[in-house]
Amino acid sequence: MRKIYIFDTTLRDGEQSPGVNLNTREKLEIAYQLEKLGVDRIEAGFPAASPGDLAAVNAVARAVKNSTVIGLSRSRTQDIDAVREALQGAEDPCIHLFLATSPIHRKYKLKMEKEQVLETAQAALRYARQYFSKIEFSCEDAGRTEIDFLCEMTAMAIREGATVVNIPDTVGYLYPQEYGNIFKTLKEKVPGIEKIQLSAHCHDDLGMATANSLAAIVGGADQIEGTINGIGERAGNTALEEVALALETRNDLFGAKTTLELTEIARTSRLVSRLTGMVVPGNKAIVGANAFAHESGIHQDGMLKEKTTYEIMSPETIGLKESKLVLGKHSGRHAFREKLVEMGYTLEDEGLNEAFAKFKVLADKKKDVTDEDLLSIVEEKIVDQQQSFALETIYVSYGNESTPSAKVRILTAEGEKLEEEAEGNGSVDAIYNAIDRATGEEVKLADYSIKSVSHGKDAQGEVHVVLSQNGLSVQGRGLSTDILEASARAYVDALNRLIEKRNLQAAK
Ligand code: KIV
Ligand code: ZN
């Protein structure tokens, strides 16, 4: 069976989604899960972008053992040196060099002629190959590059030691047949093409990223690049779960497969959504909440008679399964541990105790603790971060004929208790004004969203906020059975991230 390699760029291109920024602990958490999912390659970041990015790539490089870890680099020696530093300690390091090749990029961005582009890339490859045995070279905006020049660039990259050549449709412009034909042509025309792997990297500006990636496979691509849930720059990247399931479900057509552990897909999707704050739409293919839901009577009738009438793949394939154990406030530690194991989590003693204590608090407030509730407890626990502030207490006064007010008590890292009161246009506004006063931070609330983690009136609410201050933008999330408390927690979480980011910038 032909194997398609999976290059995951959730931590790099995915992190370029507007409003998303992952700290090192979160990147590590996602990297561990990607390793469990079995992706062949993990692009962990762009080390030259900032010291924080370099440190995060290094943490991932040291932690990941079973996937190749990749750092992105422009075709410049300083960037290559940053990747060298970041990938120290990696089991299987790889550098990803890129340079734009299209006429538009050559003329307006690089101000280079074709010859200069060739020479610049060649020099970068020569420098990089002294330090790396695995090199991917990307012709940025390959989709809008003259095919002859793309052949020339690919041939040069092969001669200069690239092990993978990537053909990105950087702006999501192409139609599947056009994109697939580029791969066919490269395979036919470029000398030495059999020595390397060809890679496809698509963006979803016209909603064709998955179709284009599959067309590239038909055309001869060996590797697909993309992200979990399709997050990424602008309209996003190819959603890897879509490609993997398309190859699995239509194996008759493609005759190719990934070696992903497909049952880890649902968990990976949830984790990425939670940590990035990018909510997966209900109708999203494969991982949307409705992807396996059947609403109409005719469909339900068909499903009851024979599942394949309306389901081309089963929810179990991606790791969704009917739960056998239901937990409530009378459940003990043993049942709790068993339940987590059933869901794929094995927590150490201390982690288990902490999660169990949170479960007990929740079970007191809520009749049935659902799988989604448990996931939120476990995943929230994993990403505990360094805190400048912690929310201790919150009181809100609201009436539809009075001005809402809130009183908060915030605990600082030094143990100081900051208490403040404020009014606002609504309860959330009042809470945020009180927190601003207590912490002395002046921030802009750029985005606020709320969703229910499970079902029913007593469901937990998860709030995501995006805060900005002097050009820095951070996200935060909070969870509680009370949406006002969840709102306060999300805000304090974002403030902690803001301070961490600000400190990192100051240390530059
Ligand atoms: O979309 C793109 O061209 C990229 C390159 C850096 C590979 O992300
Ligand atoms: Zn990209």
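As the structure is a computational prediction, the values presented were derived from the model and not from experiment.

## Some words on the sheet that holds strand 7 (residues 164–169)
The sheet built from eight strands closes into a barrel, its strands ordered 2-3-4-5-6-7-8-9 with parallel pairing. Each strand axis lies, on average, 25° off the axis of its neighbour in the sheet, ignoring direction. Across the sheet, helix 2 (residues 51–63) lies against strand 3 (41–45) and strand 4 (68–74), angled at about 150° from strand 3, the strand it touches most. Across the sheet, helix 3 (residues 77–86) lies against strand 4 and strand 5 (93–100), angled at about 160° from strand 4, the strand it touches most.

## Side note on the packing of helix 1 (residues 24–37) against helix 11 (residues 265–276)
Interhelical geometry of helix 1 versus helix 11 gives an angle of 165° and a closest axis separation of 10 Å. On the basis of the axis angle, helix 1 is roughly antiparallel to helix 11. Both helix 1 and helix 11 take part in a crossing whose hand is left-handed. Touching Glu-26, Glu-29, Ile-30, Gln-33, Leu-34, Lys-36 and Leu-37 of helix 1 are Ile-265, Arg-267, Thr-268, Leu-271, Val-272 and Leu-275, all from helix 11. Within the contact of helix 1 with helix 11, the residues separate by chemical class into seven nonpolar, two polar and four charged.

## Examining a negative patch on the surface
A grouping of Glu-115, Glu-119, Asp-148 and Glu-152 is seen on the molecular surface, where their side chains present a negatively charged patch. Contributions of two or more residues to the negative patch are made by helix 5 (114–128) and helix 6 (147–159). Residue Glu-119 is classed as partly exposed on the basis of its relative accessible area, which comes to 43%.

## Re the coordination of the zinc ion (ligand 2)
Within the protein, Asp-13 (OD), His-201 (NE2) and His-203 (NE2) serve as the donor atoms for the zinc ion (ligand 2), at 2.0 to 2.1 Å. We note that the donor set of the zinc ion (ligand 2) lies within a single chain, spaced as D-x187-H-x1-H. With Asp-13 in the loop between strand 2 (5–8) and helix 1 and His-201 in strand 8 (residues 197–202), this pair connects stretches of sequence that are 188 residues apart. This pair shows no difference in class: Asp-13 is buried, exactly as His-201 is.

## Concerning the UniProt feature "binding site: Mn(2+)" (unreviewed entry) in the chain
Mapped onto the present numbering, the UniProt feature "binding site: Mn(2+)" (unreviewed entry) falls on Asp-13, His-201, His-203 and Asn-237. On the basis of their most widely separated C-alpha atoms, the annotated residues across 225 residues gather in one place, lying no more than 10.4 Å apart. Within the secondary structure layout, Asn-237 lies in the loop between strand 9 (223–226) and helix 9 (240–249). With sequence-adjacent residues up to four places away left out, Asn-237 is seen in contact with Thr-9, Asp-13, His-201, Cys-202, His-203, Ala-209, Gly-226, Thr-227, Gly-230, Ile-231 and Gly-232.

## Considering the UniProt feature "domain: Pyruvate carboxyltransferase" (unreviewed entry) in the chain
According to UniProt, the "domain: Pyruvate carboxyltransferase" (unreviewed entry) feature falls on residues 4–266. This span, residues 4–266, is 43% helix and 18% strand, and a straight line between its end C-alpha atoms measures 20 Å.

## A short note on the site of ligand 1
Around ligand 1, the neighbouring residues are Arg-12, Asp-13, His-96, Phe-98, Ser-138, Glu-140, Asn-166, Pro-168, Thr-170, His-201 and His-203. One of the side-chain N or O atoms of Arg-12 is found 2.9 Å from an oxygen atom in ligand 1. The contact in question runs from an oxygen atom of ligand 1 to an N or O atom on the side chain of His-201, over 3.2 Å. Taken by itself ligand 1 offers 260 Å² of open surface, and the protein chains cover 95% of this. In terms of residue class, the shell around ligand 1 is built from two nonpolar, six polar and three charged.

## Comments concerning the pairing of strand 12 (residues 405–412)
Strand direction decides the pairing type here: strand 11 (residues 389–397) and strand 12, joined by eight bridges, are antiparallel. Considered in strand 12, the bridge of Tyr-395 is made with Lys-407. Of the strand pairs in this sheet, strand 12 and strand 13 (residues 417–423) are connected by seven bridges, and their pairing is antiparallel. By the bridge assignment for strand 13, Ile-410 is matched with Leu-418. Counting the residues that bridge the hairpin from strand 12 to strand 13 gives four residues, and of these Gly-415 lies at a positive phi of roughly 90°.

## So, the nonpolar core
Most often, soluble globular proteins have nonpolar side chains that are buried together. The biggest cluster of nonpolar side chains holds 89 residues, and the ones touching the most others in it are Leu-97, Phe-137, Met-153, Ile-167 and Tyr-179. With eight residues, helix 6 is the single largest residue contributor to this core. Leu-97 has contacts with Ser-73, Arg-74, Ile-80, Ala-124, Leu-125, Ala-128, Ile-135, Glu-136, Phe-137 and Ser-138, leaving out every residue within four places of it along the chain. Counting residues in each nonpolar core, the second largest holds 28 residues, with Ile-410, Ile-435, Ala-486 and Tyr-491 among its members.

About the cut-offs
- Residues numbered from 1 in each chain as written.
- Chains lettered and ligands numbered in written order.
- Predicted model: local features only at pLDDT ≥ 70, side-chain atom pairs only at ≥ 80, totals over all residues.
- Heavy atoms only, no water.
- Pairing = 2+ DSSP bridges.
- Helix = DSSP H or I, 4+ residues; strand = E, 2+ residues; numbered from the N terminus.
- Axes fitted to C-alpha atoms, helices over the stretch in contact; angles between N-to-C directions.
- Contact = heavy atoms within 4.5 Å.
- Parallel < 35°, antiparallel > 145°, perpendicular 65-115°, else oblique.
- Left-handed = near helix turned anticlockwise from the far one by under 90°.
- Nonpolar A, V, L, I, M, F, W, Y, C, P; charged D, E, K, R; others polar.
- Patch = residues over 30% accessible without salt bridge, like charges linked within 9 Å, V, L, I, M, F, W, Y side chains within 5 Å.
- Areas by Shrake-Rupley, 256 points an atom, 1.4 Å probe, with all protein chains shown as cover.
- Salt bridge = Lys/Arg side-chain N within 4 Å of Asp/Glu carboxyl O.
- Lys, Arg positive; Asp, Glu negative; His and termini not counted.
- Charge placed at Lys NZ, Arg CZ, Asp CG, Glu CD.
- Buried < 20%, exposed > 50% of the residue type's maximum accessible area, 1.4 Å probe, protein only.
- Donors = N, O, S within 2.8 Å, 3.2 Å for Na, K, Ca; no water.
- UniProt positions renumbered as here; feature names shortened; annotations may be inferred.
- Near = heavy atom within 4 Å.
- Polar contact = N/O pair within 3.5 Å; in protein donor to acceptor, adjacent residues only side chain to side chain.
- Core = buried A, V, L, I, M, F, W, Y, C linked by side-chain atoms within 4.5 Å.

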